[in-house]
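Chain by chain, the residues run as shown.
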Amino acid sequence: MIEVRDLHKAFGKVIAVDGATFAARDGEITGLLGPNGAGKTTTLRCLYTLMQPDRGQVLVDGIDAAADPIAVRRSLGVLPDARGLYKRLSARENIAYFGRLQGIDEATIRQRTDTAIAALEMGDFANRHAEGYSQGQRVKTAIARALIHDPRNVILDEPTNGLDVMATRAMREFLKRLKREGRCVLFSSHIMQEVAALCDRIVVIAKGKVVADDAPEVLRAQTGEANLEDAFVKLIGTEEGLAA
Amino acid sequence: MKSALVVFLKEVRENLRDRRTVINTLVTGPLFAPLIFVLLINTLVTREFEKAEKPLPLPVIGAENAPNLIEALRQQRVEIKPAPEDPERAVRDQDADVVLRIPKDFAAAWDKGEPAQVEIIHDGSQRDANSAVGRLRGLLEHYDQRTGALRLVARGLSPAVTNPIVIAERDQSTAQSRASSLFSMLPYFFILGGFIGGMALAIDTTAGERERQSLEPLFANPVPRWQILSGKLGATTVFAITTVLLSILAFAAVGQFLPTEKIGMNLAIGLPFVACTIFVMLPLALLLATLQTLVAAFAKSYREAQTYVSLLMFVPVIPTLMLSIMPFKTLSWMYAVPLMSQQIIITRLLRGDDVPASALALCFFCTGVAALLAYALTLKVYHSERLAISA
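Residues numbered from 1 in each chain as written. Chains lettered and ligands numbered in written order. Predicted model: local features only at pLDDT ≥ 70, side-chain atom pairs only at ≥ 80, totals over all residues.

**Q** Would you take a moment to explain the interface of chain B and chain A for this structure?
**A** You'll often see interface size given as the accessible area lost when the parts meet. Each partner contributes residues to the interface: chain B has 20 residues there, and chain A has 21 residues. Here the side of chain B that touches chain A takes 4 residues from helix α1 (residues 2-16) of chain B, the largest share from any one element. (Contact = placed C-beta atoms within 7 Å. Helix = DSSP H or I, 4+ residues; strand = E, 2+ residues; numbered from the N terminus.)

Written as structure tokens, this is what we have:
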């Protein structure tokens with residue numbers, strides 16, 4: 001369970017997040033939808049305590065991120081916008097490194113890595129050095145290492161960015177699987193179809209403000225548009241930055 | 001501290017797989033400087049010896065004006081050469097180290113018993129020619145005194161009349177201290193070794209990690225920043241100190257091939273030297289690693305970091321230059337200044353002078369405090385929000 005209350009964050013004069021309030025529940029996929037530059041990445045960075053909000057509160061499983069950032073990070077699995085791997089380590093070693101930093105014992109790391117390699121179909125490259133991985137292989141490795149500590153809450157920043165059709169489909173299946181396991185999944189996207197196909201709840205964000213927060217069908221009814229894309233355009237009041 | 005150890009082990013392992021870093025730390029860093037140094041010293045010493053033993057070639061203008069003088073010079077293994085057309089120019093162009101000019105009225109003045117002039121034409125800025133000039137001047141003075149003494153004897157006077165003072169030099173330098181004036185550059189090579197050894201890691205673990213976009217996911221782990229920083233600094237320091245150690249060992253090994261015994265010198269590179277040097281270099285390696293990391297953290301890219309860190313390399317030159325230009329008497333406060341204290345202590349150890357334990361402790365303590373201050377500053381930068389964000 002992730003709760004965001006009246007979040008504010010500015011960089012100098014540029015206001016990135018301007019009073020965002022929303023929640024992502026366990027066993028649901030919540031989509032943070034908005035055009036480029038709407039403040040999605042900054043909001044997520046405040047969630048995993050990389051940035052400190054100027055004002056407002058972030059609660060993860062009831063823990064205040066400002067009071068105990070380490071505990072919050074422990075209960076979060078994070079796939080940030082930056083998903084660089086260590087090129088001179090294999091996927092397996094990359095995953096094990098994060099497992100050790102999470103304080104997990106070696107046997108558990110090995111067992112969970114094997115599970116992740118099977119689930120994400122990483123078998124053919126897991127023991128090779130990450131130098132020369134394809135985009136899809138890199139994302140798979142980044143996800144496996146982000147989830148090595150079996151977190152209740154998963155945050156993904158534009159998880160399908162740069163993936164081809166097959167990899168995107170696999171990613172969607174993976175997110176659904178996380179949901180079935182009862183986790184709280186929060187991901188950001190600027191792609192309509194993706195959000196429509198996956199989410200139980202959509203938080204539309206524009207210019208740092210939450211302009212809508214509801215189930216897809218409710219949003220359609222609310223705006224009077226049968227098509228979610230039209231509903232989205234109506235909500236943010238512009239067609240800028242909208243990708244198909 | 002467990003996470004710091006995890007970071008440390010990962011950085012060491014990853015960088016050991018990088019061939020360029022390994023070559024820099026284990027080969028180029030430790031071997032480059034001592035090798036250059038040995039070559040330099042070898043050429044220098046060999047050349048000095050060759051010069052002293054070889055006949056001295058000497059173009060002479062007006063040799064016919066002083067046949068006795070020329071004969072005396074020949075007996076002292078001077079090779080008399082015909083005069084060049086423009087002697088001043090020949091000297092400036094380094095065609096000749098030195099030219100002797102005997103004026104026409106030399107013989108007339110000589111016969112009258114008046115001082116007869118000879119000219120030594122040389123270029124004082126050509127250091128290379130200085131030993132030839134010195135040798136010629138010595139030979140001429142010797143001839144001058146001998147002739148003067150003969151003239152006094154011929155007039156019934158004792159030659160001692162003209163020597164009211166006899167100077168006897170008692171050089172207090174020992175074989176070691178003579179050697180170390182040649183070796184005063186050596187501490188800088190060790191310090192430089194520590195610098196080069198840690199450089200790749202300092203850049204790779206901050207600017208490099210950010211550029212490869214792996215710093216943000218790393219910071220998403222439930223590990224305090226100080227532990228991450230400590231692990232990275234630990235790895236950088238270990239690489240730096242390894243380079244220093246190998247550098248010392250390499251020098252102790254190649255030092256055997258130096259012709260030091262030829263000039264009656266011996267260097268005190270033994271186990272105590274290695275132990276003391278590593279002891280004083282430890283906090284310095286940490287200080288340098290921290291400063292390199294700090295500088296690299298400010299850079300926007302890997303390349304920018306490389307530029308900044310390379311500029312930082314000039315800092316350790318400062319005390320070396322100061323100490324070689326102005327040969328201070330060692331004062332106790334100098335043991336409290338990082339870099340300078342290492343410079344002084346290593347130089348003294350090489351000379352075979354003893355360094356009081358209190359000086360070693362002061363050096364270790366003060367450099368350690370400086371390293372801690374640099375660490376605190378770097379940690380502050382590590383806590384800044386901008387650090388992790390690459391774009």
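From this point, things continue past the structure.
**Q** Sorry, what's going on with the packing of helix α10 (residues 225-254) of chain B against helix α11 (residues 271-298) of chain B here?
**A** Each pair of packed helices can be summarised by the angle the axes make with each other and by the distance between the axes. Residue and element names in this part refer to chain B. Closest axis-to-axis distance for the α10/α11 pair is 8 Å, and the angle between their directions is 140°. The angle between the axes of α10 and α11 places the two elements in the oblique class. The handedness of the crossing between α10 and α11 comes out as right-handed. Of α11, the residues touching α10 (which contributes K232, L233, T236, T237, A240, I241, V244, L245 and I248) are V274, T277, I278, M281, L282, A285, L286, L288, A289, T290 and T293. Among the residues forming the contact of α10 with α11, the class breakdown is 14 nonpolar, 5 polar and 1 charged. (Axes fitted to C-alpha atoms, helices over the stretch in contact; angles between N-to-C directions. Parallel < 35°, antiparallel > 145°, perpendicular 65-115°, else oblique. Left-handed = near helix turned anticlockwise from the far one by under 90°. Nonpolar A, V, L, I, M, F, W, Y, C, P; charged D, E, K, R; others polar.)

**Q** Quick question: what am I supposed to make of unusual backbone geometry here?
**A** As a rule of thumb, non-glycine residues mostly have phi less than zero, and peptide bonds are mostly trans rather than cis. The backbone phi angle of A:D150 is positive, close to 55°, even though this residue is not glycine. Position of A:D150 among the secondary structure elements: in the loop between α5 (135-146) and β7 (153-157). What makes A:D150 partly exposed here is the crowd of 13 C-beta atoms within 10 Å. Phi angles above zero are rare outside glycine, and B:Q213 is one such case at about 65°. One can find B:Q213 in the loop between α8 (186-211) and α9 (215-219). A count of 19 C-beta atoms within 10 Å places B:Q213 in the partly exposed class. (Buried ≥ 20, exposed ≤ 12 C-beta atoms within 10 Å, placed from the backbone.)

**Q** Looking at this model, I keep getting lost on the nonpolar core. Mind explaining?
**A** When a protein is soluble and globular, its nonpolar side chains tend to lie buried together. Formed by 142 residues in total, the largest nonpolar core has its most connected members in A:I155, A:V204 and B:A285. Examining the composition of this core, we find that 14 residues originate from one element, α8(B), more than from any other. Apart from the residues within four sequence positions on either side, B:A285 is in contact with B:G194, B:G198, B:T237, B:A240, B:I241 and B:V244. (Core = buried A, V, L, I, M, F, W, Y, C linked by C-beta atoms within 7 Å.)

**Q** Can you walk me through the sheet that holds strand β1 (residues 56-61) of chain B in this structure?
**A** In a beta sheet, neighbouring strands are held together by backbone hydrogen bonds and run either parallel or antiparallel to one another. Residue and element names in this part refer to chain B. Spatially, the 4 strands line up as an open sheet ordered β2-β1-β3-β4, and their pairing is mixed. Two strands in the sheet have a free side with no partner beyond their single neighbour: β2 (78-81) and β4 (119-122). The mean angle between the axes of side-by-side strands here comes to 35°, regardless of whether they run parallel or antiparallel. Pairing analysis gives 4 bridges linking strand β3 (residues 98-101) to β4, with the strands arranged antiparallel. Its bridge partner being in β4, V98 is matched across the sheet by H122. (Pairing = 2+ DSSP bridges.)

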